[in-house]
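Breakdown of the fold
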Amino acid sequence: MLTRKTIKLNTKDPVEILGPGNRILNEFCSYYPGLKVTDKGLDIVLEGEADQIEDFQVRFARLIEVRHSKMNLTVYDVQNLFDAETSPETFRQSGNAVIVHTTEGKPIRARNHNQEEMVKAYFNNDLVFAVGPAGTGKTYIAIALAVRALKNREIKRIILTRPAVEAGERLGFLPGDLKDKLDPYLQPLYDALGDMIPSRKLQEFIENGTIQIAPLAYMRGRTLDRACVILDEAQNTNRGQLKMFLTRMGTNAKFIVTGDATQIDLPHKEDSGLLAGIRLLENIKGVATIFFSEEDIVRHPLVSKIVKAFGA
């Protein structure tokens, strides 16, 4: 049953709270896609499920408290209410707090024990390896942690990379220029980001370099400061490439390396540097490794059975 509720704004000028052109209100409402929100000057009318309305009221009251302590509200103040409300200390202890919300307002949090361990490892270490079969959410959680850090202004950019290794298909026969040929390898990263950042904002971040998505070869020679850097499909790197990537780490940086040792697409599988790299670094403080198994798969229930059938 739908509920209707009115919030009265105790202000002479609603723009102070709602923002020019309702920018603040619109950002706030983006976290409640199931609610119908109508601005009526000094009144905000809510229509929808009772629990959603109650949550809206509680958070909106917090937003007004923030307004009382500063000159102007920004969209970052809104985002902080949803994505920065949980302290790093809470993540270190449980790993199960909400990391970020999707563009549809759904919370993203760890969905199994090893995802929780990965989240805790991120807050306790500067380099995290997450290794396991497809569908365990390794890359998705990594990107969620990066988006959270960016929204909280803990970092200044996100850098996502993959080795451009052919998985049975011939790269040279793909149509278009180099970017067109490489984009299919990087599309899963775009997809995950698109779940968490509105498309217009994501495009803005990509255009101004706040978010960079590039093949691994583009990392050579760089020093990456104040960034969350994610290497995906790391099983397709050799030892030299993995070393090159890891030595890009600059000050105040977080590195996450994800991979599946059962899906190596290199011509010679023994050339993969992922597991060798983990062994070389296992006793170094500040480095953590989380091993996922088929029991951690969070995709369609058939995926776990498929992985087992193929002998992962």
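Below or above, wherever it landed, is the structure these notes cover. (Residues numbered from 1 in each chain as written. Predicted model: local features only at pLDDT ≥ 70, side-chain atom pairs only at ≥ 80, totals over all residues. Heavy atoms only, no water.)

**Section: the overall build of the protein**
What the protein contains, in helices and strands, is twelve helices and eleven strands. Dimensions of the protein along its principal axes, counting C-alpha atoms only, are 70 × 45 × 40 Å. Looking at the 312 residues of the protein, the share that counts as buried comes to 48%. In the protein, 71% of the contacts between residues at least 6 apart in sequence involve partners at least 24 apart. Surface summary for the protein: the accessible area is close to 16,100 Å², and the carbon and sulfur share equals 51%. Side-chain charges in the protein split into 41 positive and 40 negative, and the spacing between the mean points of these groups amounts to 3 Å. (Helix = DSSP H or I, 4+ residues; strand = E, 2+ residues; numbered from the N terminus. Buried < 20%, exposed > 50% of the residue type's maximum accessible area, 1.4 Å probe, protein only. Contact = heavy atoms within 4.5 Å. Areas by Shrake-Rupley, 256 points an atom, 1.4 Å probe, with all protein chains shown as cover. Lys, Arg positive; Asp, Glu negative; His and termini not counted. Charge placed at Lys NZ, Arg CZ, Asp CG, Glu CD.)

**With respect to the pairing of strand E9 (residues 227–231)**
Looking along a regular strand, one sees side chains alternate from face to face of the sheet. With five of five residues buried, E9 is to be regarded as a mostly interior element. What you see with E9 is no split at all: Ala-227, Val-229 and Leu-231 on one side and Cys-228 and Ile-230 on the other are buried throughout. In the classification by handedness, the crossover that spans E9, the intervening helix H10 (residues 239–246) and the parallel strand E10 (residues 254–259) is right-handed. (Right-handed = clockwise from strand over helix to strand, strands pointing away.)

**Some words on the sheet that holds strand E1 (residues 3–8)**
With antiparallel pairing, three strands are arranged side by side in an open sheet as E1-E3-E2. Across the chains shown, the open sheet's two edge strands, defined by having one partner strand only, are E1 and strand E2 (36–40). Taken over all neighbouring pairs, the strand axes of this sheet differ in orientation by 20 degrees on average, direction set aside. Summarising the sheet, E2 and strand E3 (residues 43–48) pair through five bridges and their orientation is antiparallel. Residue pairing for E3: Lys-40 is matched across the bridge by Asp-43. In the packing of helix H3 (residues 50–68) onto the sheet, the strands contacted are E1, E2 and E3, and the crossing angle to E1 comes to about 10 degrees. (Pairing = 2+ DSSP bridges. Axes fitted to C-alpha atoms, helices over the stretch in contact; angles between N-to-C directions.)

**Examining unusual backbone geometry**
Even without being glycine, Arg-153 reaches a positive phi, approximately 60 degrees. Structurally, Arg-153 is set in the loop between helix H7 (138–151) and strand E7 (157–162). Looking at Arg-153, the relative accessible area reads 44%, which means it is partly exposed. Positive phi is not limited to glycine here, since Arg-226 has a value of about 45 degrees. Assignment of secondary structure puts Arg-226 in the loop between strand E8 (211–215) and E9.

**As for the environment of Met-196**
Tracing the backbone through its elements, the reader meets Met-196 in helix H8 (residues 178–196). When the C-alpha atoms of Met-196 and Arg-148 are compared, they prove to be 9.5 Å apart, with 48 residues separating the residues in sequence. Among all residues touching Met-196, those that are not within four sequence positions of it are Val-100, His-101, Thr-102, Thr-103, Ile-108, Tyr-140, Ile-143, Ala-144, Val-147 and Lys-151.

**Points about the sheet that holds strand E11 (residues 287–291)**
Read across the sheet, six strands follow the order E8-E7-E9-E10-E6-E11 without closing on themselves; strand pairing throughout is parallel. With partners counted over all chains shown, the strands left at the sheet margins are E8 and E11, one partner each. For this sheet the average axis-to-axis angle between neighbouring strands, irrespective of direction, equals 15 degrees. As paired elements, strand E6 (residues 127–131) and E11 share five bridges and run parallel to each other. From the neighbouring strand, Ala-130 faces E11, where its bridge partner is Ile-290. Together, E6, E9, E10 and E11 form the strand contacts of helix H6 (residues 113–124), whose direction differs from that of E11 by roughly 170 degrees.

**Observations regarding the nonpolar core**
Membership of the largest hydrophobic core comes to 41 residues, with the highest contact counts inside it found for Ile-143, Leu-193 and Ile-211. For this core, the element with the most residues is H7, which contributes nine residues. Apart from the residues within four sequence positions on either side, Ile-143 is in contact with Leu-160, Leu-189, Ala-192, Leu-193, Met-196 and Ile-230. Residues Leu-216, Ala-227, Phe-245 and Ile-278 belong to the second largest nonpolar core, which totals 23 residues. (Core = buried A, V, L, I, M, F, W, Y, C linked by side-chain atoms within 4.5 Å.)

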